[in-house]
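# An overview of the molecular structure
The chain contents come next:
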Amino acid sequence: MGLRSFLSSLSENGSAQVGRPDEPLETTAGDADELLVEFDRVARQQLAFTTPKFSIEVARWAAELMYRGCQCLVYRDLGEDRVKQGLGVVCPRPLSADTIYSADLVLRYLVDLATMARAVAERDVLVAELMRLGTAWPLSSVGMSQIAANQLDGRAVEIVMADRCLRQLYADRIVTRRDAGRLEQAAVGAAVREAVGLYDELWPEVSDQGKSNQVMGNGQ
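First, a word on what this report is: a plain description of the structure on this page. (Residues numbered from 1 in each chain as written. Predicted model: local features only at pLDDT ≥ 70, side-chain atom pairs only at ≥ 80, totals over all residues. Heavy atoms only, no water.)

### Overview of the pattern of salt bridges
Put simply, the test is: Salt bridges are defined by distance alone: a side-chain nitrogen of Lys or Arg within 4 Å of a carboxyl oxygen of Asp or Glu. Helix and strand labels come from DSSP, where a helix needs a run of H or I of at least four residues and a strand needs a run of E of at least two; each type is numbered from the N terminus. Each residue gets one of three labels from its accessible area relative to the maximum for its type: buried under 20%, exposed over 50%, partly exposed in between, using a 1.4 Å probe on protein chains only.
As enumerated under the stated definition, the model contains 12 salt bridges in all. When the shortest N-O distance is used, the salt bridge between Arg44 and Asp40 registers 2.8 Å. A residue pair is termed a helical-turn pair when its members lie 3 or 4 positions apart in one helix, as Arg44 and Asp40 do in helix α3 (residues 33–46) at four residues. Look at Arg44 and you get partly exposed, because its relative accessible area is 31%. With a relative accessible area of 9%, Asp40 lands in the buried category. The shortest N-O distance in the salt bridge between Glu129 and Arg132 comes to 2.9 Å. Of the two residues, Glu129 and Arg132 both sit in helix α8 (residues 125–136), three residues apart, roughly one turn of that helix. A cluster of three or more residues bridged by salt bridges with shared partners is formed by Asp104, Arg108 and Arg173.

### Re the packing of helix α7 (residues 110–120) against α8
Selection criterion: Note on definitions: angles span 0 to 180 degrees between N-to-C directions of axes, and those axes are lines fitted to C-alpha atoms, for helices only across the stretch in contact. Every angle not falling under 35 degrees, over 145, or within 65 to 115 is termed oblique; those three ranges are roughly parallel, roughly antiparallel and roughly perpendicular. By convention, the crossing between two helices is left-handed when the near helix turns anticlockwise from the far helix through less than a right angle, and right-handed when the turn is clockwise. Working rule for contacts: check all heavy atoms of both residues, and any pair within 4.5 Å makes them a contact. Each residue gets one label: Ala, Val, Leu, Ile, Met, Phe, Trp, Tyr, Cys and Pro are nonpolar, Asp, Glu, Lys and Arg are charged, and the others, such as Gly, are polar.
Packing of α7 against α8 leaves a shortest axis separation of 9 Å and a crossing angle of 155°. The angle between the axes of α7 and α8 places the two elements in the roughly antiparallel class. For the pair α7 and α8, the sense of crossing is left-handed. Across the interface between the two elements, Leu110, Leu113, Ala114, Ala117 and Arg118 from α7 touch Leu126, Val127, Leu130, Met131, Leu133 and Gly134 from α8. Split into classes, the residues belonging to the contact of α7 with α8 amount to nine nonpolar, one polar and one charged.

Shown next as structure tokens:
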């Protein structure tokens, strides 16, 4: 079972199929590039504003990371050192809007993986590693309510908020997944209220909060 099959399964039905940990992934990694390019193409059709540049290198890194994470979930006999080693591979490019966007094409499934891992063993090393990844990649971890806003990588949040496309995507996800903890950061809360806009029914509590703040700001 290679990386291409893994990505194909994710895109088609949201499930993950992985091979045994002793099967080499490197020999099949290049075959997945075509699918990662397709992930990018589909994402661009769904996003607002100018989408950051796509990095195949970063997307491939994220795909391999998620593949190993799913292996750790399926094959519970892997030791702690191997889990940490597999999920500890550093992103090949510096943090930027392009990097965050490219990684998110696959890391957006991080929330689902973390949910399944917690259901198996909440205090497992795999859960701890997935939480660590969630703090490092805030755009991809929306919905992981166990992560407090002040635990998120501040630089990553700044980059997301400074990019119009990523900011909108971040706000939309927070609304969709009702991740109220993210609203503790003022700039993020403002972006979410802007995303809700005239559609109060999307998240009435947030809309009401925004109206209250506006009244107070006007001195009324």
